[in-house]
Structure formats: C-alpha cells, structure tokens
Amino acid sequence: MRKVAGSKFKVNQIMLDFSIAMLIIANSLAWLLPVSSNALAIIMLFVLLFFSVGSKLKIQSYHSKYIVFISLALFVESFILTGYGALDEDTRKYFVEFVTLGIPSLFMANTNFRPYKVMGYVCVLSVPMLFYIRGIDMLTSRIDYGYWMGISYGIVKYIIVLCFAVFFVKKFNPAIKLGLLVILFLYVLFYLEFASRGAIVAVVISVVLFYLVKKDYTVKKTILVLTVFAMVLYTLFFVIIQGLYELFNSYGIKSFALEKMLFMEDVTNGRENIYKQGLEIFMNSPIIGSGAGIFEREYSEGYVHNCLIQFLDEGGVVYFVILLCVIMKSFKFLLDRRIQKEERYFMAFLISSGFVQLLFSSYFWGAQCFWLMIGYTFFLSNKLKRLSHENSSSSI
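Our subject in this report is the structure included herewith. Counting restarts for each chain: residues are numbered from 1 in the order of the written sequence. In view of the model being predicted, local features appear only for residues whose pLDDT reaches at least 70, and side-chain atom pairs are presented and counted only at 80 or more, with totals across whole chains, interfaces and linings using the full set of residues. The basis for every side-chain value is the complete set of heavy atoms in the structure, and neither hydrogens nor water enter the calculation.

This brings us to the side chain of glutamine 368. Counting from the N terminus, the helices are the DSSP runs of H or I reaching at least four residues and the strands are the DSSP runs of E reaching at least two. Here glutamine 368 shows up in helix 16 (residues 368-394). A distance of 2.9 Å separates a polar side-chain atom of glutamine 368 from the backbone oxygen of leucine 23. Two N or O atoms count as a polar contact when they lie within 3.5 Å, although within protein this holds only if one can serve as hydrogen donor and the other as acceptor, and sequence-adjacent residues are included solely when both atoms are side-chain atoms. Among the polar contacts made by the side chain of glutamine 368, one reaches the side chain of asparagine 27 at a distance of 2.6 Å. We call two residues contacting when some pair of their heavy atoms lies within 4.5 Å. When sequence neighbours within four positions are dropped, the list of residues in contact with glutamine 368 reads Leu23, Ile24, Ala26, Asn27, Leu101 and Ser105.

Its location among the elements puts phenylalanine 75 in helix 4 (residues 64-81). For phenylalanine 75 and threonine 91, which are 16 residues apart along the polypeptide, the C-alpha to C-alpha distance reads 7.7 Å. Each residue touching phenylalanine 75, except ones within four places of it in the same chain, is listed here: Leu87, Thr91, Tyr94, Phe95, Phe98, Ala292 and Trp365.

Fitting a line to C-alpha atoms yields each axis, with helices limited to the stretch in contact; the angle taken between N-to-C directions then spans 0 to 180 degrees. Contact geometry of helix 9 (residues 197-215) with helix 10 (residues 219-250) gives a least axis separation of 11 Å together with a crossing angle of 155°. Between helix 9 and helix 10, the interaxial angle falls into the category roughly antiparallel. Where helix 9 crosses over helix 10, the two elements pack in a sense that is right-handed. For the pair formed by helix 9 and helix 10, the contact residues are Val204, Val208 and Leu212 on the first element and Thr222, Val225, Leu226 and Phe229 on the second. Lys, Arg, Asp and Glu make up the charged group, whereas Ala, Val, Leu, Ile, Met, Phe, Trp, Tyr, Cys and Pro make up the nonpolar group; the residues left over, Gly among them, are polar. The residue inventory of the contact of helix 9 with helix 10, partitioned by class, reads six nonpolar, one polar and no charged. For this classification, under 35 degrees means roughly parallel, over 145 means roughly antiparallel, 65 to 115 means roughly perpendicular, and everything else is oblique. Should the near helix be turned counterclockwise from the far one by less than a right angle, the crossing is left-handed, whereas a clockwise turn marks it as right-handed.

Right under this line is the structure:
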C-alpha cells in the first residue's frame, strides 16, 4: 500500500513539475499544433489539466489574489473611461491573455514544484523545438525579419535554461553536458541572426544573475560586481559589438541584431519617442493611470515597449509602486541565503526571461514568466515567514 501511495505521489509531482515547464514555454509549444487559431488556449488547457492533477490544487499562498484584483481593476477603469462601451481590440486581447496566462501563473507559482526538475524539462523540450525551428528555417523565407524576431523571443527561455545547465550545473556527466552544449550552440547560431537587442540582453543578464547566485556574494559585494559590470559594459559596449559582428561575418554568420546596434542612426530604434509619448500619457493621470491598453487607444498602434512606463500609464503611481515593490523583493531573494540555491537559481531565470525582456519590448499582460516571477516572490516570502515562525516557536 505504501509503495502504491509513494508511486502515486511521484507521478503527481512529475505532472506538477511538467505543468510548470509547459506553462513557461507555452507560446512556443503552441507553434507545434496544426491549428491556426486558439493554439495557445489548447496548450493552456493541457497545462491546467496536468497542474490540477499534479498539485491537487493545493496552493500554498493566496496573496497573489491582491495583484489579480488590482490588475483586473485596470480593465474596469478602461471600461469606465471609454464610456461603458465595448473595449478596443488590444485591451480585449490583454484581458484574455491575463486571464489565460497571467492569473494561472500567479497561482501556479505558489505550489511545491521542484525548480531544478522544471528547468530540466525545459532543457529536454528544447531538443524537439530546435528541430522544429531548423525545419521552418529551411522551408520558409527569411525576408520577414519581424516574424523571425518573434521566434527569437519565443526561444529565449530555452537558451537561458541551456546556459544554466551547461555552465552552472555540475552533476551532469560529460557526455550529457557536451550534448547540451551542442544544442545551445545551434540555438545561439540562429539567435545571433534574428534576436532583438532586448532578447540578447536578457540572456546576458541571466548569466550574470546565475553567477551571483553561484558565488553567494554578500549584498555589498554584489553591488560592487554589478557596478563594475555595468561600467565595463557601458565603456566597451560598442567595441564588443563591433568585434562580435566582424567575427561572425568572417564565418558567414549575419546578425541583424548586431547590425542594427552598429549602423542604425537611432540606437534606440524609435524607443525614445515612444517613451516620451508614454510619459505624456502618464502625466494626464499620474495617480491611478488611465486603464489597461491606454497607449494603444491613444496612438492606435504599437505599444510602449517598456513595462515600467506601461505600469505608470495604465495604473499610475499606485500600480507602479505596488509592482515595483514586488519586483525589488524578487531581486532581494536572489541574495537571501535563507532560501535554497535551487529556488534562487529559478528566480534568476524568471527575472531574466520574465522581467528583463519587458524593459525593451513586448507587454506584460500575457508574459507568463513575469507573472510567475511575481507569484513566486509571494511563495518565497510566505515560505520565509513560515520558517521564521517555526524557528521562533521551537526556541520558546
């Protein structure tokens, strides 16, 4: 009887871990389905099914509900400000993505999944995904740079996890590590051709964060390391980019991202003007913002390309401060030695794949890794409170 119970627990735990991995890469998994519409919704149905069975819906902390309520209030605000009429297409899309991806992520993060196993499953799934990407690369045209840049954003999570597995995990035998290194190399070859600057920065930041967790530096030493890194990057950025560009060219590898950085007259690619427009919207309603999707309603197309400005535009200082406090706590947990290294590595992964990219492109409503990061911060905070309570109780 005990063996049956033990094996059932093991299956449930595997399903829970696998559901989190599927959630993280849901967008790219949707590419594999032979349907043109609702592919992501189908993937999410499987994710939620696996999660429900694996977790038995045992959520450790429900503090994420406050973020849910406040975020949903921004859609209500949009509904009111638009005269109680139908929401525009972009705002409806944001609402659907938040309900489909954001809310599940917030609560799924508050379960007892195993971070190393989750990242391991993402590593395993990176293999068939590589074959898929190489296949469509051979069968389709490369003229549509925007399409391929979108693909690069979809695979950034695989690259970050592979970097972690190759350079920061010691327990793999040499053969497995060599195989992962080859897969990473093949991903990087594609990545360097089409990845946007934001996606490249996300990978670089992930390696820095993994390194900080590995070294277990104190706060002061971490600040020193980050300061030196920032100064070196700022001073030598274009020298490094130029060197890489010439190196890749010598091997016949064309990198659109590096080319844009070197030869575009506007280094920000128009972002500076967009940011100014976003800040102008914020100044119209600085306290509570103007509701979800305000930038799109104001300018009819595009988005603000920076999550911090989007927080200000849509929710004002109130929403900005709430989310910024949680984000700062996420960074703080990277250095908190009371938290297991496994959990801190996973937080580093979520920050780089879920937050860093949003500083340069995309929007946060449908970014599941961003919402996982927010939810996981609540999970770790609740865990530390429990440990503190248990320690104080045992000392009495």
